Amino acid sequence: MLRLFRTNEIRQVIELEGDWDFEPIGQDDSIPASYHYRMPVPGCWEMNPRFPSYRGKGVYRRTLTVTEKTAVRLVFKGVSHTAQVYFDGVEVAQHYNAYTPFTSRLIQEVEPGEHELVVVVDNTFHEGSKLHIANDYYTYGGIIRPVGIEYIQPVYIERIQFVPSYENGQWHASMAAVVINTGSTSARVQLQGMLGETPIRFEAAEIQAGATTSIVTTGSFPNAEAWSNGSPNLYKLQVQLFRDGEQTASDDLIERVGFRTVTTANGRIQVNGEDIVLKGFNRHEDHPMVGAAFPYQLMVQDMELMLEAGSNAVRTSHYPNDERFLDLCDERGIYVWEENHARGLDIEHMRDPRFQEQCLVCNQEMVENHYNHPSIIIWGILNECSSNTPEGKEMYREQLAQIRGLDQSRPLTYATHHREHDICFDLADIISFNLYPQWYTDEDPGELVDRARGWTEELGGAGKPIIMSEFGGDGFYGMRDASRVRGTEERQADIIESNLAAYTSRPYISGMFIWQFCDCRVVEDLGWLFSRAGTQNSKGIVDKYRRPKLAFEVVKKYFRQ
Ligand code: ADA
């Protein structure tokens, strides 16, 4: 299952789920002559008992049968962390970053018969990998998200961007369809759309050979029902492509969209004009049974637990999430802060030009691919990076400007731990603090957040909404003791209680995200303190198997108020 809904009715898309050939090749550069293992796709190789912590290159291979002469394109929703893709021995894609989708180039004139697909996957931490480093979460290896093959025409719809707006008492939308002509002659293209039951008209366009064109239209939807947390109404938006006066559509693309607006004003965040308070979790896509390769059932389990706790929001710390999880958030009406992939990187690290390049690619892939999810109401960047230095600030500035250029419909933020030393508050729309009172410091959460409000006001963030983006403490599942010492479930529950009591009682707070939803695996030998015992971050409100800790009931008490 690539998505939770069908994305095409005319273009044929086949998922390549299953057992593929697999060979670990260490740091070799050659494609192996033979394969000795089988590996599930999607999946993480760490789940295979022979490779519980393999870091290196692994080669995946399979064959597939094409029944008629056609062009094809391969779709990868996530490969961790670097991929080189070969179709019949010819390289058709390269990609860095586990957490954003990519496609191969269009492969023309594929003959009927059997073809070979090879994917070289690398999860090594090396000099050139600036986002995947040994960190306080685990970079797994493998084809971790679904893969598909599309039987596609040389002129096709690359993506649709749906931008809703509310004016004069009704919903409107602008819709841009990006069409690519990979053929050798120009093509006359007529698009036709349907949003729910409403036809959408597009102007005809002439697209030169090799060109990409955005065809834009607008519409009014007097009967549309808004998407919101309480009523997550979704609509099917289908656009079909007709070429050169033909009566039959040769391509199509389907999106699932919602009508909602997101604004910030008066120090608050509004959805559809109404102030909201985000109550949610930071969540890593991590589970001991599957690593980062979540099947749908486990996504639903996480979602149900978060809803059971009374949560209305999730932060995709610290990378873009599986699109099926975002689909689920659209369906269940959970607000999403989606963020790019960068955690805790200092200015020495950021100074390498590859860092900013890799972030910019990640931002573009995140925003373009996930634009239409109504659940995503905030884009975030650069968790706990160098927002306290002038050099770092220029990178924050460039990245935020890039995202604003791609999307003017959502507020932007970044989570900082630099307190009064942060110098980027003026760049963001929402000010977000990662502070761990009563865990990393002995401060009182209420007094601390009042001080954080002061820094916001004085240092460039005056009048902007404030979110407590991380707080919490370790609680080892099953470690209970009347002493309530650090590490017990009791102490963790106390920390969560005092933090939530402070934030839920302060009307100037627009959101709070507990660190974290579930315990997660971390990379060994980082020199973390005792709190990474067992190489896991144990600040989950549920443990790695999703068993609730004592703090779960505390969260319920405050989130369900
Ligand atoms: C940071 C960071 C998280 C996690 C957390 C912790 O704030 O953003 O990824 O490492 O601290 O548990 O200490």
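All values reported here derive from a predicted model rather than from experimental measurement.

Overview of the overall build of the protein
Right, on to step 1. Counting secondary structure elements, the protein contains eight helices and 32 strands.
Right, on to step 2. Its C-alpha atoms give the protein a radius of gyration of 24 Å, near enough to 24 Å, the size a compact globule of 561 residues would have.
Right, on to step 3. Taken along the three principal axes of its C-alpha coordinates, the protein extends 70 × 65 × 45 Å.
Right, on to step 4. Across the 561 residues that make up the protein, the buried fraction comes to 61%.
Right, on to step 5. Sequence-distant contacts in the protein: of pairs separated by 6 or more residues, those separated by 24 or more amount to 72%.
Right, on to step 6. Split by element, the accessible area of the protein, about 21,100 Å² in all, is 47% carbon and sulfur.

Observations concerning the environment of serine 220
Right, on to step 1. Here serine 220 shows up in strand 17 (residues 212-221).
Right, on to step 2. Judged by its relative accessible area of 39%, serine 220 is partly exposed.
Right, on to step 3. Along the sequence, serine 220 and alanine 173 sit 47 residues apart, while their C-alpha atoms lie 6.5 Å from each other.
Right, on to step 4. Excluding anything up to four places from it in sequence, serine 220 contacts Gln170, Trp171 and His172.
Right, on to step 5. Only 2.9 Å separates the side chain of serine 220 from the side chain of histidine 172, close enough to count as a polar contact.

Observations concerning the sheet that holds strand 30 (residues 509-514)
Right, on to step 1. Strand order in the closed barrel formed by eight strands is 23-24-25-26-27-28-29-30, with parallel pairing between adjacent strands. This sheet shows a mean twist of 25° between the axes of neighbouring strands, independent of strand direction.
Right, on to step 2. Two elements, strand 27 (residues 412-416) and strand 28 (residues 430-434), share four bridges in a ladder whose sense is parallel. Counted as the bridge partner of threonine 413 is isoleucine 430 from strand 28.
Right, on to step 3. Where helix 2 (residues 323-332) meets the sheet, its contacts fall on strand 24 (313-315), strand 25 (335-339) and strand 26 (376-381), and the angle it forms with strand 25 comes to roughly 155°.
Right, on to step 4. Relative to strand 30, helix 7 (residues 489-504) is tilted by about 165°, and along the sheet it contacts strand 29 (466-470) and strand 30.

Description of the sheet that holds strand 7 (residues 90-96)
Right, on to step 1. Taken together, the six strands give an open sheet; going across it, the order is 3-2-4-10-6-7, and neighbouring strands pair in antiparallel fashion. A strand with exactly one partner marks an edge of an open sheet, and here the two such strands are strand 3 (37-41) and strand 7. The average undirected angle you get between the axes of adjacent strands in this sheet is 30°.
Right, on to step 2. When strand 2 (residues 18-26) meets strand 4 (residues 57-66), the two strands line up antiparallel, connected through five bridges. Its bridge partner lying in strand 4, aspartate 21 is registered against arginine 61.

Regarding the environment of isoleucine 207
Right, on to step 1. Looking at the secondary structure, you find isoleucine 207 in strand 16 (residues 205-207).
Right, on to step 2. With relative accessibility at 0%, the residue isoleucine 207 sits in the buried group.
Right, on to step 3. Once the C-alpha coordinates of isoleucine 207 and threonine 316 are considered, the two residues, 109 residues apart in sequence, prove to be 38 Å apart.
Right, on to step 4. Discounting residues that sit within four places of it in the chain, isoleucine 207 has contacts with Val179, Asn181, Ser186, Ala187, Val189 and Thr213.

A closer look at helix 6 (residues 445-458)
Right, on to step 1. Between its terminal C-alpha atoms helix 6 stretches 20 Å, which fits the 20 Å expected from 14 residues at 1.5 Å a residue.
Right, on to step 2. For helix 6, the full list of buried residues reads Pro445, Gly446, Leu448, Val449, Ala452, Trp455 and Thr456.
Right, on to step 3. Where helix 6 is buried, its residues meet strand 28, strand 29, helix 7 and strand 30.
Right, on to step 4. The distance from a side-chain oxygen at the start of helix 6 to the backbone nitrogen of glycine 446 is 3.1 Å, and the residue carrying that oxygen is aspartate 444.

Details of unusual backbone geometry
Right, on to step 1. Residue proline 42 is bonded to the preceding valine 41 through a cis peptide linkage, with omega at 0°.
Right, on to step 2. Mapped onto the elements, proline 42 comes out in the loop between strand 3 and strand 4.
Right, on to step 3. Residue histidine 81 is reached from serine 80 by a cis peptide bond, and omega for that bond is -5°.
Right, on to step 4. Phi at glutamine 438 takes a positive value of approximately 80°, unusual for a residue other than glycine.
Right, on to step 5. Mapped onto the elements, glutamine 438 comes out in the loop between strand 28 and helix 6.

Overview of the side chain of serine 228
Right, on to step 1. Tracing the chain through its elements places serine 228 in the loop between strand 17 and strand 18 (235-243).
Right, on to step 2. Classification of serine 228 by relative accessible area gives buried; the value is 19%.
Right, on to step 3. The residues contacting serine 228, other than those within four sequence positions of it, are Asn272 and Gly333.

Details of the side chain of aspartate 352
Right, on to step 1. Turning to its location among the elements, aspartate 352 is positioned in the loop between helix 3 (347-351) and helix 4 (353-370).
Right, on to step 2. Side chain to side chain, aspartate 352 and arginine 354 meet in a polar contact 2.8 Å long.
Right, on to step 3. Sequence-distant contacts of aspartate 352, defined by excluding residues within four places in its chain, comprise Glu127 and Lys130.

The rules behind each value
Residues numbered from 1 in each chain as written. Predicted model: local features only at pLDDT ≥ 70, side-chain atom pairs only at ≥ 80, totals over all residues. Heavy atoms only, no water. Helix = DSSP H or I, 4+ residues; strand = E, 2+ residues; numbered from the N terminus. Rg over C-alpha atoms; globule rule 2.2 N^0.38 Å. Buried < 20%, exposed > 50% of the residue type's maximum accessible area, 1.4 Å probe, protein only. Contact = heavy atoms within 4.5 Å. Areas by Shrake-Rupley, 256 points an atom, 1.4 Å probe, with all protein chains shown as cover. Polar contact = N/O pair within 3.5 Å; in protein donor to acceptor, adjacent residues only side chain to side chain. Pairing = 2+ DSSP bridges. Axes fitted to C-alpha atoms, helices over the stretch in contact; angles between N-to-C directions. Expected span 1.5 Å × (residues − 1).

Just geometry here; none of it tells us what the structure is for.
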